[in-house]
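Residue-level listing of the chains:
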Amino acid sequence: LGVGSEESIHVPVILKYGPMYDQIITQISCGEQHSLALSSAGQIFSWGRNYYGRLGHGDSNNRPVPTQIRSLYSVDVRWVSAGVAYSCCVCREGKVYTWGNGGHGQLGHNSTQNVSLPTIVDGLSNEIVTTVSAAYGHTLCVTAGGEVFSWGSGHGLLGLSSTVPHHIPQRVVLLSSVEVRVVSAGYD
């Protein structure tokens, strides 16, 4: 919850301390046992359980309060998405970063390895991405031109007319005749 303990709280609580206290928060995304917050200054804060490195601090330590992701300190982040056990963000230049559990190829690094620090998705280097959505085992993103890319576990979730998993981003050709602005990936 970001309040410094693991106790359940049944009413809304304002975070009155920590590095996020004096920030204007423009977006919050909640995964399974972790959360991300994006400030108006383009900084990301993460907290919760750090299984698979999904908090992005390069370690496996849980964070009971929002903690700024230092490796993205000089990156102007514009969008965040917390999946079940991994996280994503998009920076001002349109690059996508992913980190955490890569077990289904959902990080887009042509691997199923876990990554504990935000890492650029090279398969989108020629695209300007505006939004990204993390799920359980697959990821979706939208480019400035309204195209959709998907990657991760198959199971028919990627919109690629196949059940084959893809560990690098693939253009969803079936949506090429429409201009998409935002996507939302579900659990599975």
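Small disclaimer: the values here were computed from a predicted structure and weren't measured.

What is the right way to look at a nonpolar patch on the surface in this model?
There is a patch of nonpolar side chains on the surface, built from I9, V11 and V13 and spanning about 240 Å² of accessible area. Along the polypeptide, V13 turns up in the segment before β1 (25-30).

What should I look at first to understand the pattern of salt bridges in this one?
Here the structure, examined in full by the defined rule, presents seven salt bridges. For E93, the salt bridge goes to R92, with nearest N and O atoms at 3.2 Å. Residue classification places E93 among the partly exposed positions, given a relative accessible area of 41%. Residue class for R92 comes out exposed when judged on its relative accessible area of 51%. It is possible to trace a salt-bridge network through shared partners that takes in D76, R78, R92 and E93.

I tried to follow the pairing of β1 on my own but got confused; where do I start?
Working note: regular strand, side chains alternate between the two faces of the sheet. As defined by bridge partners, β1 adjoins strand β2 (residues 34-39) across five bridges and the pair is classed as antiparallel. Each bridged residue has a counterpart across the sheet, and for Q27 the counterpart in β2 is L38. Linkage of β1 to β2, two consecutive antiparallel strands, is achieved through a turn of three residues, within which Q33 is found at a positive phi near 70°.

When you look at the side chain of S81 in this model, what are you seeing that I'm missing?
Here S81 is to be found in strand β5 (residues 77-82). Of note is the side chain of S81, whose polar atom sits 2.8 Å from the backbone nitrogen of A134. Those residues in contact with S81 that lie beyond four places of it in its chain are S29, L36, Y86, S87, C88, V132, S133 and A134.

I keep staring at the environment of V84 and nothing clicks. Help me out?
Looking at the secondary structure, you find V84 in the loop between β5 and β6 (86-91). Residue classification places V84 among the buried residues on the basis of a relative accessible area of 13%. When the C-alpha atoms of V84 and R54 are compared, they prove to be 9.1 Å apart, with 30 residues separating the residues in sequence. Residues within four places of V84 in sequence aside, it is in contact with E32, H34, R54, A135, Y136 and Y187.

What counts and what doesn't
- Residue positions within a chain follow its written sequence, with the count starting from 1.
- In keeping with the model being predicted, local features are shown solely for residues with a pLDDT of at least 70 and side-chain atom pairs are shown and tallied solely at 80 or more, while totals for entire chains, interfaces and linings include all residues.
- Water and hydrogen atoms were dropped before computing side-chain values, which therefore reflect all heavy atoms in the structure.
- Residues enter patches when they are more than 30% accessible in relative terms and free of salt bridges; like-charged ones are connected within 9 Å and nonpolar ones (Val, Leu, Ile, Met, Phe, Trp, Tyr) within 5 Å.
- For every accessible area listed, the method is Shrake-Rupley and the probe measures 1.4 Å; residues are considered covered only by the protein chains on display.
- By definition here, a salt bridge exists when the distance from a side-chain nitrogen of Lys or Arg to a carboxyl oxygen of Asp or Glu is within 4 Å.
- Note on conventions: DSSP H or I runs of at least 4 residues are helices, E runs of at least 2 residues are strands, and numbering of each starts at the N terminus.
- With a 1.4 Å probe rolled over the protein chains alone, any residue whose accessible area is under 20% of its type maximum counts as buried; one over 50% counts as exposed, and the rest are partly exposed.
- Strands are labelled as partners when DSSP assigns at least two bridges between them.
- Whenever two N or O atoms come within 3.5 Å, that pair is a polar contact, provided that in protein one can donate a hydrogen and the other can accept it, and provided that, for residues adjacent in sequence, both atoms are side-chain atoms.
- Note on contacts: a residue pair is in contact if any heavy atoms of the two residues lie within 4.5 Å.

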